[in-house]
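# Fold and contact review
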Amino acid sequence: MYQEPSFQAFCDADDVIKTDYSRATLQTKIVHLGFGAFHRAHQAVFTDLANQEADPSWGIFGINLFRKGPLTEQFCAQDNQAVLLEKAGQETTKRLVRSFTGAMNVEDQGIQAALAKLCEPAVAIVSLTVTEKGYCLTPEGRINRDNELIAADLKNPQAPRSAIGLIGEALRLRKTLKLPAFTVMSCDNIPENGGKTKAAVLEYAMLLDPELASWIEQEVTFPSTMVDRIVPAMSDASFDEIERETGVRDPFGLISESFKQWVVEDQFCSGRPNWHLAGVMMVNDVLPYEEMKLRMLNGSHSFLAYVGGLCGHDYIYQCMQDALLKDITLALMINEQAPSLSSQLDVDLKQYAELLIARFSNQSIKHQTAQIAMDGSQKLPPRVIDSILTLVSKPCYESAQAPRILLLLLAGWMHFIQGKHRPDFQLIDPEAQTLNALLAVDDDKKCASLLQFKAVFSDAFIAHQDLVQQITHFYYAIDEQGIRAVLDGFVPLLRSPK
Ligand code: NAI
Ligand code: CS2
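The model shown is predicted, which means the values in this text are computed figures rather than measured ones.

Where helix α17 (residues 376-392) meets helix α18 (residues 404-416), the axes come as close as 10 Å, and the angle between the chain directions of the two elements is 155°. Between α17 and α18, the angle is such that the two are roughly antiparallel. Note on packing geometry: the crossing formed by α17 with α18 is left-handed. Contacts between α17 and α18 involve Gly376, Leu380, Val384, Ile385, Ser387, Ile388 and Leu391 on the former and, on the latter, Leu406, Leu407, Leu409, Leu410 and Trp413.

Okay, structure coming up:
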């Protein structure tokens, strides 16, 4: 296979970590929807490592539903391989990721080409990283029939536009063609991502064809997964960095941290790679891991995105150089998120929190607070609201113990989405229209208006008047004194023993 000479030189270099199984054995057994940064630096690496250990037949074909550009040709020019720099502080590992068989954009090659891929007989797993909004669910976890994509797919199911519609139609075709079903595996940061994906696919199928729904119920498995690796969106500067360090300007190149973790429910109806030989934890129940990671890591990330963003920090590592913000983040993890976890894992949560602080402090990882701040309407319920509701439902709970840092986070978000902290601010959220409508009131009414935003402030939450009062207090304190003064007010709290 022809490769760009610079790419070939990278592949041949001695300091590049790479597997050495024959790629001629790869078949497309996994089709991945949402061929973004995260999948390529996480599941693709674990699959590459598993192929090296045993049965190197597990190839991944990537599909983007909503991106345009010459993806297939560019990826082909480097024989469907990609550069990954894994950064641990000053140390960099240069890795070649070899588990791909190809990729396509639906917007360029059409939905029928995507359906044909999902219907190849060897396909055993369809995995997804399509962001939280890609599942088109209501806050209650039902398929959202008002979602533009779902509404269009229900009218025209044979040419679907949503990920759920694509999976539904591919499964219908496989049933008709008497092909075996595939496993549907969500790798997005959603609690019980397997159960939620199953609910979305089954409900969608039920609306179209109850017989298909019952076939899916019997034949298809939907394992939940906990995924973890910090993989920032690429920028011109990070492509330059890869080129400086490797000599290759790889449009698929990525920079990630060195840490990676994957916990997967072992329910695969048509087989799976030997991920357990590559460090993946295969378990019966992922929920405790998902909850720990979502609340402690992602909850803290959202805190830093909004509160750190209001402080003027562009990157997560800069938030960690801000001593008070770093201390409050650790307190958030240990004092508020850890006690909210429903089941105790055999994990020392204090050590876990300290490891997270160390990971966030990695200056080689340019993770923008603005990237994490996106789609807050989807992220806040599992990362923040669920924790607060768990804490306040404990029999020993008293208002004086309200989780103040989580409540500050919510007040911070309410300011952040108004964008007064940045002249170039743009609200990126699938609910941006509703949020902007709620914000179209006088300044002294904005807080009360946003508290009516049901996707975040559910009825169960609003029923706790003490929480509403505390958020309102923080909201006006940020307005009147500024975010730094509000953070200074946390110093005595950090000193008090817990
Ligand atoms: P990305 O922006 O590189 O890729 C996102 C992908 O989702 C793109 O392929 C895009 O076309 C697709 N997408 C967006 N909206 C969609 C929709 N409505 N329907 C179908 N596809 C849609 O982002 P990245 O970094 O790959 O992250 C994707 C997801 O992976 C995150 O939302 C998160 O759930 C999960 N994740 C990301 C981590 C990271 O550090 N980047 C780490 C852990 C999980
Ligand atoms: C981040 C996550 O973008 C976000 O919302 O919190 O993508 C985070 O980087 C990963 O979950 C880390 O595994």
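Neighbouring ligand 1 are 20 residues; Ala37, Phe38, Asn64, Asp188 and Val231 lie closest to it. A distance of 3.4 Å is found between an oxygen atom of ligand 1 and a backbone nitrogen or oxygen belonging to Phe35. Between Val231 and ligand 1, the recorded distance is 2.9 Å, taken from a backbone N or O atom to an oxygen atom. Contact with the protein chains covers 83% of the free accessible surface of ligand 1, which is 830 Å².

The three strands lie next to each other as β9-β11-β12, forming an open sheet whose pairing is mixed. The sheet is open, and its two edges are formed by β9 (225-228) and β12 (281-283), each paired on a single side. For this sheet, the mean angle separating the axes of adjacent strands, direction not counted, is 15°.

A few words now on the site of ligand 2. Every residue close to ligand 2 is listed here: Asn189, Asp228, Arg229, Ile230, Lys293, Leu297, Asn298, His301, His367, Ile372, Lys379 and Arg383. One of the side-chain N or O atoms of Asp228 is found 2.6 Å from an oxygen atom in ligand 2. At a separation of 3.1 Å, an oxygen atom of ligand 2 approaches a polar backbone atom of Arg229. Here ligand 2, which alone exposes 340 Å², has 88% of that area covered by the protein. Counting residues per element, the ones that place at least two in the shell around ligand 2 are α12 (287-310) and α17. Among the elements that make up the shell around ligand 2, the one with the highest residue count is α12 (four residues). Considered class by class, the residues forming the shell around ligand 2 number three nonpolar, four polar and five charged. Of the residues that make up the shell around ligand 2, three or more belong to each of domain 1 (5-283) and domain 2 (288-495).

Calculation rules
Residues numbered from 1 in each chain as written. Chains lettered and ligands numbered in written order. Predicted model: local features only at pLDDT ≥ 70, side-chain atom pairs only at ≥ 80, totals over all residues. Heavy atoms only, no water. Axes fitted to C-alpha atoms, helices over the stretch in contact; angles between N-to-C directions. Helix = DSSP H or I, 4+ residues; strand = E, 2+ residues; numbered from the N terminus. Parallel < 35°, antiparallel > 145°, perpendicular 65-115°, else oblique. Left-handed = near helix turned anticlockwise from the far one by under 90°. Contact = heavy atoms within 4.5 Å. Near = heavy atom within 4 Å. Polar contact = N/O pair within 3.5 Å; in protein donor to acceptor, adjacent residues only side chain to side chain. Areas by Shrake-Rupley, 256 points an atom, 1.4 Å probe, with all protein chains shown as cover. Pairing = 2+ DSSP bridges. Nonpolar A, V, L, I, M, F, W, Y, C, P; charged D, E, K, R; others polar. Domains from an automatic or database assignment.

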